[in-house]
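Per-entry structural report
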Amino acid sequence: MSSISNVHGVNVTAPVEGAHKEILTSEALEFLAKLHRTFNPTRLQLLESRKKEQERLDKGGVIDFLEETKWVREDGTWTGPPVAPGLEDRRVEITGPVDRKMVINALNSGSNTYMADFEDSTTPTWHNLLDGQVNLRDANRRTIDFKDKSGKEYKLKDVPKLTTLIVRSRGWHLPEPHVIIDGVEMSGSIFDFGLYFFHNAKLLLERGAQGPYFYLPKMEHYLEARLWNDIFRMAQSLLGIPRGTIRATVLIETIHGAFQMDEILFELREHSSGLNCGRWDYIFSFIKKFRMNPKFVLPDRSAVTMTVPFMSAYVNLLIKTCHRRGVAAIGGMAAQIPIKNDEKANSAAMDKVTADKLREVKAGHDGTWVAHPGLIPLARKVFDEHMKGPNQYHIRREEVKVTAMDLTNTNVPGEITEAGIRSNVMALLNYCSNWVGGLGCVAIANMMEDAATAEIARAQLWQWVKHGSKTDKGKLITPEFIDGFIKEEAEKIKSPAKEKVEVARSYLAKQIRQDILSDFLTSDLLPYLDQFTLGKPKL
């Protein structure tokens, strides 16, 4: 096993081979160590604050707009920075993991931006993470290429301007267990951000390119945004890069984040490029934070659409907040995959995408997300028709008045059905069995699923059992009732290998029997990754 021992206090506990040696250099590790030593204590304190807040909610507490930051919300004079190059027009953004083929296809896709994801659509195996860093560095150098098993070759188009690259690191809660600094596991967030910034920031500036740009996930408090801003400042200073070069878009994908949009933008105001409706994680957060309150039990996932009261309020407040501050309001993900050989089913799926994107652009969004390149023309057509300029910052949505009651309105029409239970079980088993094997973005039932949608499935199954919910047919939902679906759906899975399916099956069976819903499935399953994936790197 390789270890880098010439950086004081830093221990790398996994192999560093091949092109990975070009990423985990002594200089890069020195840079990471400075960021870690300066900011990790604050990160850990903020994670402790999350636990205390969850304990308060579990005892019946409510969420409201913060009195301490009322002045930030009411002060209409501050705004974000000028729009950065390559981010003026973000009408179609494609997202996906950081494997080599995906990076090439996304940058060639014709979308306006590509969110290269180290988070929900990438399983954080050691090799996935380092391969991803190599891939993004090579992409920025314009030297990236790839040949698949059939001999098909992939390379970047020879055009003056490619899709703008935006990188999403892992959330604050995830560690990087293979890098130990002064006896403490490093933050996965700082690891992902730090390596990309160290290897690419100067390169991008020297080439006159756009960036470095980032997406920031799963924040639950404005102090977490302040931490990111402090990291950005120090990172830029250490490399001699002008302050404000970085731009960051924050995913509002927690219920607490929805109550602190102004505050989050304020903390990042010298680096902010907007907010995004991370809707699947937002639904998961809604369930998780109010997990002990039976009033927050939701019906089938398919019934929790963007038009139900609490989701509509969140979207409208996000657009109003962003445009008041002069930054982008990006819409949510279309996870559909074009369906081959079934024209009727494909037409129905594409109609749903069109309707979703039409709702977004008419609401005032400046852009939207798609998971598959085949959806780019469709999404672009809708936005081109209804958004004639590069964005819609001029649509202020001043008529929007959103209260705490609006953001927590649980009046969601719909029922819990056996089909909904089976769908959740199927999605969770398929996703988790693939995730532990190193695949974080999985096609399931013609949808591109990542950790966020799997989390909704997990949280709903737990919630229905916890609160003694019944199906539309009057059947009490118990662990034993769900066990039947687990057995049937596990038997249908032909790939991946049985031992990975067994991990997923056992995990779900235990989850629905827990008294308290755990925070994240990615945290729960992290210990399995080295068992299944710590082999030879691809690069």
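As the structure is a prediction and not an experimental result, all values here were calculated from the model.

Here we take up the overall build of the protein chain. Of the regular secondary structure elements, the protein chain holds 19 helices and 15 strands. Expected size for 539 residues packed as a compact globule is a radius of gyration near 24 Å; at 22 Å, the protein chain falls within 12% of this value. For the protein chain, the spread of C-alpha atoms along the three principal axes comes to 65 × 55 × 50 Å. In the protein chain, buried positions account for 61% of the 539 residues. Partitioning the contacts of the protein chain with sequence separation of at least 6, the portion at a separation of at least 24 is 78%. Accessible surface, the protein chain as shown: approximately 21,400 Å² in total, 52% of it carbon and sulfur.

A separate point is the sheet that holds strand S3 (residues 113–117). The strands that make up a sheet are held in pairs by hydrogen bonds between backbone atoms, and each pair lies either parallel or antiparallel. Judged by pairing direction, the barrel is parallel, and its eight strands sit side by side in the order S2-S3-S6-S9-S10-S11-S12-S13 before closing back on the first. Along the sheet, successive strands turn relative to each other by an average axial angle of 25°, direction set aside.

Time to look at the sheet that holds strand S7 (residues 175–181). One open sheet holds the three strands; their spatial order is S1-S7-S8, and the pairing between them is antiparallel. Every other strand in the sheet has two partners, leaving strand S1 (10–12) and strand S8 (184–187) as the edge strands with one partner each. The sheet shows a mean angle of 50° between the axes of neighbouring strands, direction not considered. In this structure, S1 lies alongside S7, joined through three bridges in antiparallel fashion. From the neighbouring strand, Asn11 faces S7, where its bridge partner is Ile180.

The subject of this paragraph is the packing of aromatic side chains. Scanning all chains against the criterion turns up 24 aromatic pairs. Consider the rings of Phe193 and Phe197, whose centres lie 5.4 Å apart with planes at 25°: the pair is stacked. Of this pair, Phe193 and Phe197 both sit in helix H5 (residues 188–206), four residues apart, roughly one helical turn. Judged by its relative accessible area of 1%, Phe197 is buried. An angle of 10° between the planes, with centres 4.0 Å apart, marks the rings of Phe290 and Phe296 as stacked.

With that out of the way, let us pick up the side chain of Thr471. With respect to the element layout, Thr471 can be found in the loop between helix H15 (451–466) and helix H16 (479–492). Residue class for Thr471 comes out buried when judged on its relative accessible area of 6%. With residues near it in sequence (within four places) discarded, Thr471 still touches Ile416, Glu418, Ile421, Ile477 and Phe481.

Take the pairing of S3 next. Across a regular strand the side chains alternate sides, sitting on one face of the sheet and then on the other. Burial analysis of S3 places five of its five residues in the buried class, which makes it a mostly covered element. Alternating positions in S3 separate into two faces, Thr113, Met115 and Asp117 on one and Tyr114 and Ala116 on the other, with burial throughout. With four bridges joining them, strand S2 (residues 92–96) and S3 adopt parallel strand pairing. Bridging across to S3, Glu93 finds its partner in Thr113. Following the chain from S2 across helix H3 (residues 100–107) to the adjacent parallel S3, one finds a crossover that is right-handed. Bridge count between S3 and strand S6 (residues 164–168): five bridges; the pairing is parallel.

Calculation notes
- All chains use their own residue numbering, which begins from 1 and follows the written sequence.
- Per-residue local features are limited, in this predicted model, to residues with pLDDT of at least 70; the limit for side-chain atom pairs, both in listing and counting, is 80 or more; totals at the level of whole chains, interfaces and linings are taken over all residues.
- Only heavy atoms go into the side-chain values, all of them from the structure, while hydrogens and water stay out.
- Secondary structure elements are defined from DSSP: runs of H or I of at least 4 residues count as helices, runs of E of at least 2 residues count as strands, and each element is numbered from the N terminus.
- In this setup the radius of gyration rests on C-alpha atoms only. A globule is expected at 2.2 Å times the number of residues raised to 0.38.
- Relative accessible area decides the class of each residue, using a 1.4 Å probe on protein chains only: under 20% of the type maximum gives buried, over 50% gives exposed, and in between gives partly exposed.
- Residue contacts are defined here by distance: any two heavy atoms, one from each residue, within 4.5 Å place the two residues in contact.
- Residue burial considers only the protein chains on display, and all accessible areas are found by Shrake-Rupley using a 1.4 Å probe.
- Strand pairing requires that DSSP identify at least two bridges connecting the strands.
- In this analysis, axes come from line fits to C-alpha atoms, helices being fitted only over the stretch in contact, and the angle between any two N-to-C directions falls in the range 0 to 180 degrees.
- Stacked, tilted and edge-to-face are the three classes applied to pairs of Phe, Tyr and Trp rings, where Trp contributes its six-membered ring and a pair requires centres within 6.5 Å; stacked means planes under 30 degrees apart, edge-to-face means over 60, and tilted covers the rest.
- If the strands point away from the viewer and the path from the first strand over the helix to the second runs clockwise, then the crossover is right-handed.

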